[in-house]
Amino acid sequence: AQSVSQHNHHVILSEAASLELGCNYSYGGTVNLFWYVQYPGQHLQLLLKYFSGDPLVKGIKGFEAEFIKSKFSFNLRKPSVQWSDTAEYFCAVILSGGSYIPTFGRGTSLIVHP
Amino acid sequence: DTGVSQDPRHKITKRGQNVTFRCDPISEHNRLYWYRQTLGQGPEFLTYFQNEAQLEKSRLLSDRFSAERPKGSFSTLEIQRTEQGDSAMYLCASSLIAGGPTDTQYFGPGTRLTVL
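Our subject in this report is the structure included herewith. Numbering of residues starts from 1 in each chain and follows the order in which that chain's sequence is written. Lettering of chains starts at A and numbering of ligands starts at 1, both following the order in which they are written. In keeping with the model being predicted, local features are shown solely for residues with a pLDDT of at least 70 and side-chain atom pairs are shown and tallied solely at 80 or more, while totals for entire chains, interfaces and linings include all residues. Hydrogens are left out, water is left out, and the side-chain values use all remaining heavy atoms of the structure.

1. Describing the overall build of chain A
Part 1 of the reasoning: When its secondary structure is counted, chain A shows zero helices and 12 strands.
Part 2 of the reasoning: Helix and strand definitions follow DSSP, with helices as H or I runs of at least four residues and strands as E runs of at least two, each counted in order from the N terminus. Traced from its N-terminal end to its C-terminal end, chain A shows the element sequence β-β-β-β-β-β-β-β-β-β-β-β.
Part 3 of the reasoning: For chain A, the spread of C-alpha atoms along the three principal axes comes to 45 × 25 × 20 Å.
Part 4 of the reasoning: The proportion of buried residues among the 114 residues of chain A is 46%.
Part 5 of the reasoning: By definition, residues are in contact when any of their heavy atoms lie within 4.5 Å. For chain A, contacts bridging at least 24 residues in sequence account for 55% of all contacts bridging at least 6.
Part 6 of the reasoning: Note on areas: Shrake-Rupley, 1.4 Å probe, and residue coverage restricted to the protein chains presented here. Carbon and sulfur atoms provide 52% of the accessible area of chain A, an area that totals close to 5300 Å². The rule is simple: take the accessible area with a 1.4 Å probe, protein chains only, and divide by the maximum for that residue type; under 20% is buried, over 50% is exposed, in between is partly exposed.

The following block contains the structure:
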């Protein structure tokens, strides 16, 4: 069965610091990759997604992620975080050609100090 | 488009009672998913519907759990004889599958269940 690993469970940064959250998946086939964000008190929302093409994907609020197939990774980055980026971040993988059911990582809690 | 809604937002029940949750997806979406999320974990798939047909159920979905989507619109998730281990956030999501691999799921706010 496929699995998704998010290595950083808790990250604490100061404003303007750079962010990189790791995501690795276990499946070797064609995958669709997602990052979701959950702000405090709000529901999960899509941050960005990769289906094909350019492996560097840009999402909302200045976030980007790079798909590196050889490393089975889809790390999330932001060059300069803001206090409002404090949230829970979830990586998810869907096997292409399957039933479109995503497997989520356990999430990374990001706290940004002003 | 008002997004995915779930009702109730919070439910506290005693062990052994039955509970039912409702999810209203985005109106034109043909897929509806149920997930369970516990503290410190990501959402775990429970079941999904395409229109009114329930196409897949996770092994996490014990016999005490049942879900319906009778008219292909809203869905209900019922838990019978609740146990303390059922305490979790129950999430609903919907998406539009149009024949390609571009499934983006839109999540509701969740129903937080506490079993005493």
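2. Structural notes on the pattern of salt bridges
Part 1 of the reasoning: Any carboxyl oxygen of Asp or Glu within 4 Å of a side-chain nitrogen of Lys or Arg constitutes a salt bridge here. Here the structure, examined in full by the defined rule, presents seven salt bridges over all chains.
Part 2 of the reasoning: Its salt-bridge partner being aspartate 24 of chain B, residue arginine 22 of chain B comes within 2.7 Å of it at the nearest N-O pair.
Part 3 of the reasoning: Take arginine 22 of chain B: its relative accessible area is 33%, and that puts it in the partly exposed class.
Part 4 of the reasoning: In this structure, arginine 64 of chain B engages glutamate 83 of chain B in a salt bridge whose closest nitrogen and oxygen atoms are separated by 3.4 Å. Residue arginine 64 of chain B is found in the loop between strand E6 (53-57) and strand E7 (65-68), and its partner glutamate 83 of chain B is found in the loop between strand E8 (75-79) and strand E9 (88-95); the two are separated by 19 residues along the sequence.
Part 5 of the reasoning: By relative accessible area, which is 11% here, arginine 64 of chain B ends up buried.
Part 6 of the reasoning: Assessed through its relative accessible area of 40%, glutamate 83 of chain B is described here as partly exposed.
Part 7 of the reasoning: Via salt bridges that share partners, Lys58, Glu64, Glu66 and Arg77 of chain A belong to a single interconnected network.

3. Quick word on the sheet that holds E8 of chain B
All names here are of chain B.
Part 1 of the reasoning: Strands sit in the order E1-E3-E8-E7 across an open sheet of four strands; the sheet is antiparallel. Each edge of the sheet is formed by a strand with only one pairing partner; in this case those strands are strand E1 (5-7) and E7. The mean angle between the axes of side-by-side strands here comes to 15°, regardless of whether they run parallel or antiparallel.
Part 2 of the reasoning: Strand pairing requires that DSSP identify at least two bridges connecting the strands. Sheet topology note: the strand E3 (residues 19-24)/E8 ladder contains five bridges and is antiparallel. Looking at the pairing, phenylalanine 21 lines up with leucine 77 of E8. Every axis in this analysis is a line fitted to C-alpha atoms, fitted for helices over the stretch in contact. Angles between the N-to-C directions lie between 0 and 180 degrees.

4. Topic: the packing of aromatic side chains
Geometry of an aromatic ring pair is reported as the spacing of the ring centres plus the angle between the planes.
Part 1 of the reasoning: A pair of Phe, Tyr and Trp rings is counted when the ring centres sit within 6.5 Å of each other, with Trp represented by its six-membered ring. The angle between the planes then sorts it: under 30 degrees is stacked, over 60 is edge-to-face, the rest tilted. Summed over the entire model, instances satisfying the criterion amount to 16 aromatic pairs over all chains.
Part 2 of the reasoning: Residues tyrosine 50 of chain A and phenylalanine 67 of chain A carry aromatic rings whose centres are separated by 4.7 Å and whose planes lie at 35° to one another, so their mutual orientation is tilted. Taken as a pair, tyrosine 50 of chain A in strand E6 (residues 45-50) and phenylalanine 67 of chain A in strand E8 (residues 64-68) lie far apart in primary sequence, 17 residues in all. We note that tyrosine 50 of chain A, like phenylalanine 67 of chain A, is buried.
Part 3 of the reasoning: With 6.2 Å between their ring centres and 50° between their planes, phenylalanine 45 of chain B and tyrosine 48 of chain B make a pair best called tilted. Each member of the pair, phenylalanine 45 of chain B as well as tyrosine 48 of chain B, is classed as buried.
Part 4 of the reasoning: Through a chain of ring-to-ring contacts, the aromatic side chains of Phe34, Tyr36, Phe51 and Phe104 of chain A together with Tyr33, Tyr35, Phe45, Tyr48 and Phe107 of chain B assemble into a single cluster.
Part 5 of the reasoning: Remark: a charge is flagged as sitting over a ring if the NZ atom of Lys or the CZ atom of Arg is within 6 Å of the ring centre and within 35 degrees of the ring normal. The ring of phenylalanine 74 of chain B carries the charged tip of arginine 22 of chain B above its face, separated from the ring centre by 3.9 Å.

5. Examining the environment of threonine 111 of chain B
Residue and element names in this part refer to chain B.
Part 1 of the reasoning: Along the chain, threonine 111 turns up in strand E11 (residues 111-115).
Part 2 of the reasoning: It is 16 Å that separates the C-alpha atoms of threonine 111 and glutamine 80, two residues lying 31 residues apart in sequence.
Part 3 of the reasoning: Not counting the four nearest positions on each side in its chain, threonine 111 is found in contact with Gln6, Asp7, Pro8, Arg9, Phe21, Ala88, Met89 and Tyr90.
Part 4 of the reasoning: Pairing of N or O atoms within 3.5 Å defines a polar contact, subject to two protein rules: one partner must be a possible hydrogen donor and the other a possible acceptor, and residues neighboring in sequence count only if both atoms are side-chain atoms. Only 2.5 Å separates the side chain of threonine 111 from the backbone oxygen of proline 8, close enough to count as a polar contact.

6. Describing the pairing of E7 of chain B
Residues and elements named next belong to chain B.
Part 1 of the reasoning: By the alternation rule, side chains of E7 split into Phe65 and Ala67, which are all buried, and Ser66 and Glu68, of which none is buried.
Part 2 of the reasoning: Where E7 and E8 come together, four bridges link them in antiparallel fashion. Note that in E8 the partner of alanine 67 across the bridge is leucine 77.

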